[in-house]
Structure formats: structure tokens, C-alpha cells
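Given next are the chains, with one letter for each unit.
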Amino acid sequence: LPPGTRLSVLEISDHAPAFAADCCSTLDFDLADYSYASTSADSFEHTQRLLDPYPEVSVTLIGQNNETTGPSAHDLVILHVDAANPADAQRALQYSRQHLKARGLLLLVGTHPVTWLVFIAGSVPAWWGTTVEDGRPASCQYSARFWREALAEQGCVCQPLLEFAP
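Quick summary incoming for the structure in this document. (Residues numbered from 1 in each chain as written. Predicted model: local features only at pLDDT ≥ 70, side-chain atom pairs only at ≥ 80, totals over all residues. Heavy atoms only, no water.)

## Some remarks on the pairing of strand S5 (residues 100-109)
- In the sheet, strand S4 (residues 74-80) pairs with S5 via six bridges, with the strands oriented parallel. From the neighbouring strand, isoleucine 78 faces S5, where its bridge partner is leucine 107.
- In this fold, S4 hands off to helix H3 (residues 86-98), which returns the chain to S5; that crossover is right-handed. (Pairing = 2+ DSSP bridges. Helix = DSSP H or I, 4+ residues; strand = E, 2+ residues; numbered from the N terminus. Right-handed = clockwise from strand over helix to strand, strands pointing away.)

Written out as C-alpha cells, the structure reads:
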């Protein structure tokens, strides 16, 4: 960033924010902003309580009329690929693109679909929120290909996939 420019970070997730507590405890709010948004009302409420000690933080429920409709304001958008269904995934992606500065960075954070997770979470009805072409239920896990295609539809140019493993 050019000297004197504020850093603005937006984290978007359908679950609890992964970076909020560390970001807020580390950021100097005279020099930077942190915001959080979610398509999940439960996550929105949980995050409001979690970030209550930081009055400078903005927490938004995506899809509500109180959303900021001003110009793109964030230098870095961290989008967790944890949406429960394709509609929420698309809404989160659209929201991230609408709120990203022209030369900002959109960082997608997620995992590859794994069979064992279907075994663990498959008893939860919401897990099967999507269907494949033949009508069978499908897991709410989305592949890197799904996200690359969704990003391309939004006009994004994707960098090569970075794989991190412990």
C-alpha cells in the first residue's frame, strides 16, 4: 500500500471467522480496518458477540437491507469456501467482489472435498443441500474447479492454486 493509506480487510464465512480475533488483537485501528460478513444468521450473531470488545469492527449479514452499498472499500477479502449451498456460495462471492478494491486481493481459503467428512457430517440434512444432474443428493463440499469457474464468471483472473499441507 502507498504510505498513509489505510489497510482494509474483509473476512467472509458461513461459520465462525478464523482470523477475526487475531486480526483485531493485532491491528492498529488508526491505520487499518477489519470487517466480517456472513450469509448465516447464526454466524453473524456469534461473530457480533466474539468481536464485541472491538467497536471499530463492522459485522454484516449478507442479504440484509442494511448492507453498505457504497464503493468498493477493501484491499484484502478473505473468503472461506464453507458455504452450505451453491446459492450462499454465489452470494458470498458476489459480496466479496462488490466490496473489493480494483487492485485488491481476493483470497479463497478452504479444503478439498474429502469422503471421510461426508461420513462424519452426512447425517445432518443441511449437508445434502445440493443435487447432482441426476437428482441424487450431493455434499456441500465444493471443489477447486467449482470455485475457479465461479470466479471466472465474476470476471476474476485466477492465480495458480496454492496447496498447503501440514
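## A short note on the nonpolar core
- Counting residues in each nonpolar core, the largest one holds 19 residues, and the members touching the most others are Ile12, Leu79 and Leu106.
- Contributing elements (two or more residues each) for this core: strand S1 (7-12), S4, H3, S5 and helix H5 (144-153).
- No other element matches H3, which puts four residues into this core.
- The next biggest cluster of nonpolar side chains, apart from the first, holds 12 residues, and it includes Phe44, Val57, Val59 and Leu61. (Core = buried A, V, L, I, M, F, W, Y, C linked by side-chain atoms within 4.5 Å. Buried < 20%, exposed > 50% of the residue type's maximum accessible area, 1.4 Å probe, protein only.)

All quantities given are derived from atomic positions and should not be read as evidence of function.
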